[in-house]
Each structure stands twice: as structure tokens, then as C-alpha cells.
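Chain by chain, the residues:
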Amino acid sequence: MPVQLFEQGLSKDALRRLIISFILRDQQKRAKQGLVQSDQALTPMIFGKQTAEIDAIEVTEETLGFDSLGTLELILGLNRFFDLNQSGVEDYLLIKRRIGDWINLLSQHRQIVGDAWAFGFATSGSTGDARVVPHLAETLWSEMRSQVAGPFSEVSAPGRIVLLVPPHHIYGFLFGCVLPDILGIEVIDLHRDGPGAAFRHARSGDLVVGTPYNWDMLQKIDRQFVNGVYGVTSAGPSSATTWDSVARGNLARLTEVYGSTETGGIATRSGFAEPFELLPHLEMSDKRILRRIDGEPLPLQDRLEWISPNRFHLRGRLDHVVQVAGVNVSPQHIRDRILGVDGVADAAVRMGATRLKAFVVPKSGMDTADLQHRLQAHVFSTLEATARPESLTFGDHLPRNEMGKAADWS
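In this numbering scheme, every chain counts its residues from 1 along its sequence in written order. With the structure being a predicted model, the display of local features is reserved for residues of pLDDT at least 70 and the display and counting of side-chain atom pairs for 80 or more, all residues being used for whole-chain, interface and lining totals. In computing side-chain properties, one takes all heavy atoms of the structure into account and sets aside hydrogens as well as water.

So, the pattern of salt bridges
By definition, a salt bridge exists where a carboxyl oxygen of Asp or Glu is found within 4 Å of a side-chain nitrogen of Lys or Arg. On inspection of all chains with the given rule, the structure shows 15 salt bridges. Measuring nitrogen to oxygen at the nearest pair gives 3.0 Å for the salt bridge that ties R25 to D26. Note on exposure labels: buried denotes an accessible area under 20% of the residue type's maximum, exposed denotes more than 50%, and partly exposed covers the range between, all computed with a 1.4 Å probe on protein chains only. In this structure R25 comes out as partly exposed when scored by relative accessible area, which is 23%. Its salt-bridge partner being R315, residue E305 comes within 2.5 Å of it at the nearest N-O pair. Of this pair, E305 sits in strand β12 (residues 302–308) while R315 sits in strand β13 (residues 311–317), and the two are 10 residues apart along the sequence. Of the residues examined, R315 reaches a relative accessible area of 44% and is grouped as partly exposed. The structure contains a network of salt bridges with shared partners spanning D13, R16 and D55. Helix numbering and strand numbering both begin at the N terminus, where a helix is a DSSP run of H or I of at least 4 residues and a strand a DSSP run of E of at least 2.

Looking at the packing of aromatic side chains
Aromatic ring pairs are described here by two measures, namely the spacing of the ring centres and the angle between the planes. Between the rings of Phe, Tyr and Trp (Trp by its six-membered ring), a pair exists once the centres lie within 6.5 Å; its type follows the angle of the planes, with under 30 degrees stacked, over 60 edge-to-face, and the other angles tilted. Enumeration according to the criterion identifies 21 aromatic pairs in this entry. Geometrically, the ring pair formed by F119 and F173 is tilted, given 4.7 Å between the ring centres and 50° between the ring planes. Taken as a pair, F119 in strand β1 (residues 118–122) and F173 in helix α9 (residues 170–183) lie far apart in primary sequence, 54 residues in all. Plain terms: the ring middles of F359 and W409 are 5.5 Å apart, the flat faces sit at 70° to each other, and that makes the pair edge-to-face. Remark: W409 occurs in the segment after β18 (391–394) and F359 occurs in strand β17 (residues 356–362); sequence separation between them is 50 residues.

Brief notes about helix α1 (residues 12–32)
Counting along an α-helix, one turn takes 3.6 residues, and residues three or four places apart therefore face a common direction. With 21 residues, α1 ought to run about 30 Å at 1.5 Å a step, and its terminal C-alpha atoms sit 30 Å apart, in line with that. In the segment just after α1, G34 is the residue with positive phi, at about 75°. Under the convention used throughout, the expected extent of a helix is 1.5 Å for every residue step, that is, one less than its residue count.

Remarks on the packing of helix α8 (residues 137–149) against α9
What counts as an axis is a line fitted to C-alpha atoms, over the stretch in contact for a helix, and the angles between N-to-C directions run from 0 to 180 degrees. Relative orientation of the contacting elements α8 and α9 amounts to 70°, with a least axis distance of 10 Å. The orientation of α8 relative to α9 falls into the category roughly perpendicular. Crossing handedness for the pair α8 and α9: right-handed. Here L140, W141, E143, M144, R145, Q147 and V148 of α8 lie close against α9, whose contacting residues are I170, F173, L174, F175, V178, L179, I182 and L183. Lys, Arg, Asp and Glu make up the charged group, whereas Ala, Val, Leu, Ile, Met, Phe, Trp, Tyr, Cys and Pro make up the nonpolar group; the residues left over, Gly among them, are polar. Its residues placed into classes, the contact of α8 with α9 shows 12 nonpolar, 1 polar and 2 charged. When describing relative orientation, an angle under 35 degrees is termed roughly parallel and one over 145 degrees roughly antiparallel, while 65 to 115 degrees is termed roughly perpendicular and anything else oblique. With the far helix as reference, a near helix turned anticlockwise by less than a right angle produces a left-handed crossing, and one turned clockwise produces a right-handed crossing. Residue contacts are counted whenever heavy atoms from the two residues lie within 4.5 Å of one another.

A look at the sheet that holds β18
Two pairing modes exist for strands in a sheet, parallel and antiparallel, and in both the strands are linked by backbone hydrogen bonds. Taking strand neighbours across the sheet as the criterion, the 3 strands line up as β16-β17-β18 in an open arrangement whose pairing is mixed. One side of each edge strand has no neighbouring strand; the edge strands of this open sheet are β16 (344–351) and β18. Each strand of the sheet is rotated relative to its neighbour by a mean of 25°, with strand direction disregarded. When DSSP finds two or more bridges between a pair of strands, those strands are recorded as paired. Examined bridge by bridge, β17 and β18 share 4 bridges and lie parallel to one another. Considered in β18, the bridge of K357 is made with S391.

Thoughts on the side chain of D206
Looking at the secondary structure, you find D206 in the loop between α10 (197–201) and β5 (207–210). Within 3.5 Å is the distance limit for a polar contact, defined as a pair of N or O atoms, with the added protein rule that one can donate a hydrogen and the other accept it, and that residues adjacent in sequence qualify only through two side-chain atoms. Side-chain polar atoms of D206 contact the side chain of R160, separated by 2.6 Å. Among the polar contacts listed, one links the side chain of D206 to the backbone nitrogen of R203, at a separation of 2.9 Å. In this structure D206 touches G159, R160, V162, H201, G228, V229 and Y230, once residues within four positions along its chain are discounted.

Topic: the sheet that holds strand β8 (residues 264–269)
As summarised here, the arrangement of the 9 strands in space is β4-β3-β5-β6-β7-β8-β9-β13-β12, forming an open sheet in which the pairing is mixed. Single-partner strands in this sheet number two, and they are β4 (187–189) and β12. Adjacent strand axes in the sheet meet at a mean angle of 30° when their direction is disregarded. Judged from the 4 bridges that link them, strand β6 (residues 230–233) and strand β7 (residues 253–260) form a sheet pairing that is parallel. In the strand pairing of β7, G231 is matched with L254. The sheet contacts of helix α12 (residues 240–248) involve β6, β7 and β8, and relative to β7 the element is tilted by about 150°.

Considerations on the nonpolar core
If you look at soluble globular proteins, the nonpolar side chains tend to sit buried side by side. Judged by nonpolar contacts, the single largest core of 59 residues is most densely connected at L10, F119, W141, F173 and F175. Among residues more than four places away in sequence, those in contact with F119 are L10, F81, F82, V133, P134, H135, A137, L140, W141 and F173. Nonpolar cores are built from buried Ala, Val, Leu, Ile, Met, Phe, Trp, Tyr and Cys residues. Side-chain atoms within 4.5 Å join them into one set. If you look at the next biggest cluster of nonpolar residues, it comprises 17 residues, including I334, I338, V344 and L371.

Overview of helix α11 (residues 212–221)
Residues of α11 that are buried: P212, N214, W215, L218 and Q219. Burial along α11 is one-sided: seen end-on, the buried residues are contained in an arc of 160°. Residues of α11 that are buried in the fold lie against α10, β5, β6, α12 and β7. One or two steps after α11, the chain reaches D222, where phi turns positive at roughly 60°. Working definition: the arc comes from the directions between the helix axis and the C-beta atoms, pointing outward to the latter.

A look at the side chain of D55
Note that D55 resides in helix α3 (residues 51–55). A distance of 2.7 Å separates polar atoms of two side chains, one belonging to D55 and the other to R16.

Re the confidence of the model for the chain
On average, residues of the chain carry a pLDDT of 90, and 95% of them reach 70 or more. Considering only residues more than four positions removed or in separate chains, one finds that residues 1–6, a stretch of pLDDT under 50, has 11 contacts. Values of pLDDT, the confidence the predictor places in each residue, fall between 0 and 100.

As for a nonpolar patch on the surface
Nonpolar side chains collect at one region of the surface, where L69, L72, Y92, L94 and I95 lie side by side and expose about 530 Å² of accessible area between them. Here L69 is to be found in helix α5 (residues 68–82). Patches in this entry comprise residues that are over 30% relatively accessible and not in a salt bridge; like charges within 9 Å are linked, as are nonpolar side chains (Val, Leu, Ile, Met, Phe, Trp, Tyr) within 5 Å. Computed with a 1.4 Å probe, the accessible areas rest on the Shrake-Rupley method; for each residue, only the protein chains presented here act as cover.

Pasting the structure below:
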């Protein structure tokens with residue numbers, strides 16, 4: 001049966017999901033600073049509530065712990081994501097403070113900007129300075145219509161999206177907001193729930209949206225989905241363990257989407273050893289990937305080995321990043337941060353078992369205990385959790401092997 005494509009736009013449900021995701025993100029930051037009390041946490045406040053009750057919640061210091069500065073930071077995040085400067089709608093977010101008001105204002109923004117409608121997705125900052133990457137709505141919807149016509153043609157009502165990733169990230173946005181709005185299907189947002197929630201909620205015909213980290217965590221629970229559940233993985237390269245989810249988790253199929261914040265989705269595959277196949281809205285020309293809609297080349301971050309005009313294998317990163325819990329992290333960037341701390345003569349950063357680790361050479365005469373204390377404080381305050389080395393080892397010189405090359409350490 002042909003898929004009915006809805007008019008390009010975001011439903012109120014999708015806008016509500018995005019606003020809640022931004023509030024939860026900022027609440028988590030403020031809770032670490034002791035600025036949000038347990039009774040102000042939004043998650044239990046909205047549990048089991050009807051949409052009208054959720055929309056009536058006000059974003060204030062009394063209800064959610066957002067003082068004037070916290071509210072400005074939250075609105076700044078929404079401004080960057082929705083590019084609200086185009087319409088001036090952000091001025092009214094300070095005046096009308098209910099979640100429902102914000103949904104209406106964002107809908108008005110969409111009507112005002114028309115074809116200039118765009119979104120800005122923040123990079124993690126782990127591979128360099130964090131930045132916002134803009135994408136026109138037209139290109140994002142084009143990609144997801146391409147996905148619907150290709151690898152995700154079986155996704156339709158009464159099947160639902162079971163979302164394990166934040167909807168304000170590009171992967172979560174595409175599969176947790178754009179795709180369900182194109183198809184007119186329901187979303188079960190579990191990105192703030194425990195990993196076992198996916199097994200409890202997923203039913204036959206659903207598409208579970210996760211990262212390799214999510215799929216690896218689900219395997220540790222050692223449960224299975226009911227028959228007929230599909231899966232998709234992205235936001236990081238999969239491993240053989242990730243693909244074990246198909247058999248061990250009883251998935252009907254797992255599809256991997258290759259792409260990045262800068263490019264959106266590029267290609268898909270349905271097996272660990274299989275090559276990736278370009279999505280229909282893209283084409284290869286002179287070993288570059290171009291968007292058909294405008295002929296714009298995509299900024300690739302990996303080496304590709306082409307085996308046909310639309311199929312390729314990945315052959316490693318161009319920027320030497322590693323994956324920590326599904327997030328791109330640059331050891332060189334983290335090393336530069338450590339070298340910026342007074343008292344550090346040299347440093348090396350490598351991937352450990354599951355997290356980064358650092359080896360630090362103090363300057364001559366430096367008190368190691370004091371340096372360790374300052375380094376830990378610096379790492380915690382300036383780096384996201386995935387970019388923080390889980391261990392700091394100190395020594396007089398960096399580890400080398402018998403050939404004089406940089407070596408690993410325990």
C-alpha cells in the first residue's frame with residue numbers, strides 16, 4: 001500500500017517532544033549545580049499526564065527551577081535549534097511561559113519563515129570547538145522521504161517509533177520527529193528511561209531507534225523483543241556486538257544509517273559485513289557524494305571504498321576520532337585541553353576499554369597530587385561526560401616501546 005506523505009511540517013506532538021527534550025537537558029545541567037530540586041524534575045511531573053496537563057506547565061523558577069538566567073539559556077538553545085531570529089518569536093518565549101504557549105509560538109515561527117525554515121544541530125564539541133550546523137527543513141524532509149521509499153518502507157501505522165535517543169540531536173530529530181510526522185504514526189519517547197523500557201513498550205510493527213551504545217546495553221539485559229520489531233542504529237559505527245542484537249534481541253531486522261551532524265543520513269546497510277548503499281536522495285560523482293536536490297557535496301569525515309556507483313565500505317575516520325557511548329570524541333582535542341592546564345609538561349590520550357584514559361607528565365618540581373586535583377576539576381567542568389578520561393596516570397615521560405614509538409599503558 002503506498003505511503004501517504006503529510007505536508008512538510010512538525011506536529012504539535014513533535015514540537016512538544018522537542019521542547020521537553022531541551023528542558024530535560026538543561027534541568028540535568030542545573031541539577032548538577034544544585035539549582036533544581038527533586039520536586040521540580042519534569043520527568044515525574046509529566047508521567048502519565050494528558051497533553052493538556054503538560055502544556056499547562058509553566059517554565060519558571062518555582063515550577064521547574066529555571067531562574068531568569070536559566071530561562072535565557074534555555075531559550076537560547078531553542079533559538080539556535082529553530083533559528084528563531086528569522087521570525088523574532090524568541091522575544092515572546094519570555095512573556096508566555098507555558099509549554100503549550102511555546103508550542104504555539106514555534107508553530108507561528110514555521111508559518112512566518114516559509115521556505116527558509118531551518119534547524120541548527122549542535123555538534124558535541126569533542127572533536128573540536130562545539131558549533132551549530134544548520135540544515136534547511138527541505139533537505140531533512142527530502143532525506144526522510146527517501147528513507148520511507150527505501151530501507152524503511154515497512155514502517156507504517158499501526159507501527160510506532162520507539163525512541164531511545166534525544167529528539168534534539170539530528171538522528172533523534174529525523175527518526176523521532178520528521179519520520180513519524182511524515183507517516184502520521186505515534187512516538188514512544190524513552191530516551192530518559194532505563195534501557196529495559198524498550199522491551200516493555202515495543203510491540204510488533206514498531207521501529208526501535210537507538211545507537212550502538214543503546215543496542216549493546218539492551219543485550220546486557222538478556223531479554224527479547226516480541227516478534228516483528230524492527231531496529232535502526234546510527235550516531236556511531238556499529239560493531240559485531242551491535243549486530244548480535246538481531247538474533248539475541250529477536251529483531252526482525254536491524255538497519256544501520258551512516259551519516260553525521262554535518263551531513264544528515266548518507267547510506268544504510270542491514271548487515272555488519274555488508275556495504276553501505278546510498279540513500280535515493282543522494283548520488284556519487286567523482287567519488288564525492290552530492291545531494292540531488294541542489295547538487296551540494298557533503299562534507300565526509302571518513303574514507304570510503306566504492307564498489308559500485310551507489311555502494312561503498314567505510315575504511316576509517318579522516319580525523320582519527322573514537323567512539324565513546326556512541327559519541328565522536330577526538331583524543332587529540334582532549335590532549336590539547338589537558339596541555340592547557342598549568343603544570344602539565346606533556347600528555348597522551350588513548351581509548352581504554354570503554355572510555356578515554358590519559359597519561360600526564362608533570363613539569364619538573366610540580367606537586368603531582370595538586371596537579372591531579374586541578375586536572376580532575378578542569379576535566380569535569382569543561383568536558384562532556386563522554387570526553388572525560390576515566391583515569392589519569394602520571395609519570396616522568398610518556399610510554400614508549402623499544403622502537404621509540406608511542407606505546408600504550410595499563
